[in-house]
Amino acid sequence: MPTAVVTGAGIRLGKAIALALAEVGYDLALHVHRSTEGAEEVATRARALGRTTTVHRANLGDPKELESLAATLRQAHPAIDVLVNNAGIYERVAFEDITREQYHRMMGINLEAPFFLTQALLPALRAAPQPLVVNLTDIAAERVVSHYAHYTASKAGLLALTRALAVELAPRVRVNAISPGTVIFPEDFDEAARQAMLARIPFGREGSAEDVARAVVFLAREAPYISGQVIAVDGARSAQL
C-alpha cells in the first residue's frame, strides 16, 4: 500500500484530505498537535477501510518536536508516497500590532515547518515510486486581505517554496500547492462579513473541505506530469481583478 503523511489531520481540511486519501488506497501517518480526538476518528475510519494508520503528536512550531516527528516517520515508513503539508495557523491582527512573537510563530508553523519537514522526509519520498508533496497555501498569498500581513507573508513564502522545490527536486519528486479560497467559515464568523465575502465569489457559495481533498487526490492519482503548480480551489474568486 502507498503511504501518505498528512499534517494537521485532526480537523477541517486535513481531516478531509486524510480520509479522501484513505478511500483511494493510501495507508496514513497522521500528524496532530491538539486535535487528537479528530485524528483518532480519522484513524478509526481509515482502519475500517483496511488502511494501516498511525497518529503522531507534535508541535510543528518547535524544531525539536518537528525533528522527532520526522525521525519517527522515517523509521516507520522508509518510503513515503505523498506528503501533505496542511497544518497552519491563522489570525487577524492589524499590521502595527503584530509582535515579533506572533510573526515568528506564524512563520514557524506556516512556512518553516513545511520547509524542514519536507527536507527531513526527502530520503523517504525519494524511495517511493512517484513521490508527491502538496503544500496548502491560500489565495490570500496573491490576493491580499487587510489585517493579515504576517499570515499572507507566510503563505506567499510557501507558494514560492513550492515552485522552488518543484524545480530543484525534479524529476523524482513532484511538488504542488492547493490554494483554497473561502472554505469552511469558522463557527463564530460574523454573518454580515460572511455574506459580504460570499458576494465576492462568482460561484456564490463557500467551498467544502471535500473540494480541497478531491484536488489533492487528483494530484496524487491522475497528474504525474504536473509539478510546480498552484491550484486554486476557490469558486473562481481569484480569477477576478
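See the structure above.
Residues numbered from 1 in each chain as written. Predicted model: local features only at pLDDT ≥ 70, side-chain atom pairs only at ≥ 80, totals over all residues. Heavy atoms only, no water.

Peer 1: Sorry if this is basic, but what is going on with the pattern of salt bridges here?
Peer 2: Charged atoms that come close allow side chains of opposite charge to pair. Counted by the stated rule, this structure contains 3 salt bridges. Ionic pairing is found between R45 and E41, a salt bridge with its closest N-O pair at 3.5 Å. Here R45 and its partner E41 are both found in helix 2 (residues 36-48), 4 residues apart, which amounts to about one turn of the helix. Under the relative-accessibility criterion, E41 is labelled partly exposed at 35%. The network of salt bridges with common partners includes K15, E41 and R45. (Salt bridge = Lys/Arg side-chain N within 4 Å of Asp/Glu carboxyl O. Helix = DSSP H or I, 4+ residues; strand = E, 2+ residues; numbered from the N terminus. Buried < 20%, exposed > 50% of the residue type's maximum accessible area, 1.4 Å probe, protein only.)

Peer 1: Help me understand the sheet that holds strand 3 (residues 53-57) in this model?
Peer 2: Working definition: the strands of a sheet are paired by backbone hydrogen bonds and lie parallel or antiparallel to each other. The parallel open sheet is built from 7 strands, whose spatial order is 3-2-1-4-5-6-7. Strands with a single pairing partner mark the edges of an open sheet, and in this sheet they are strand 3 and strand 7 (230-233). Pairs of neighbouring strands in the sheet enclose a mean axial angle of 15°, with direction left out of account. Note: strand 1 (residues 3-6) against strand 2 (residues 27-32), 4 bridges, orientation parallel. (Pairing = 2+ DSSP bridges. Axes fitted to C-alpha atoms, helices over the stretch in contact; angles between N-to-C directions.)

Peer 1: In this structure, what is going on with the nonpolar core? I would like to understand it.
Peer 2: The nonpolar side chains of a soluble globular protein tend to be buried with one another. Core analysis: the largest hydrophobic core is formed by 34 residues, its most contacted members being I17, L21, L28, V84 and I178. Counting only elements with at least two residues in this core, the list comes to strand 1, helix 1 (12-23), strand 2, helix 2, strand 4 (82-85), strand 5 (132-136) and helix 7 (209-222). The contact partners of V84, leaving out residues within four places of it in the chain, are V5, V6, T7, I17, L21, V134, L136 and V216. Grouped together as the second largest cluster of nonpolar side chains are 25 residues, A113, L121, L125 and L165 included. (Core = buried A, V, L, I, M, F, W, Y, C linked by side-chain atoms within 4.5 Å. Contact = heavy atoms within 4.5 Å.)

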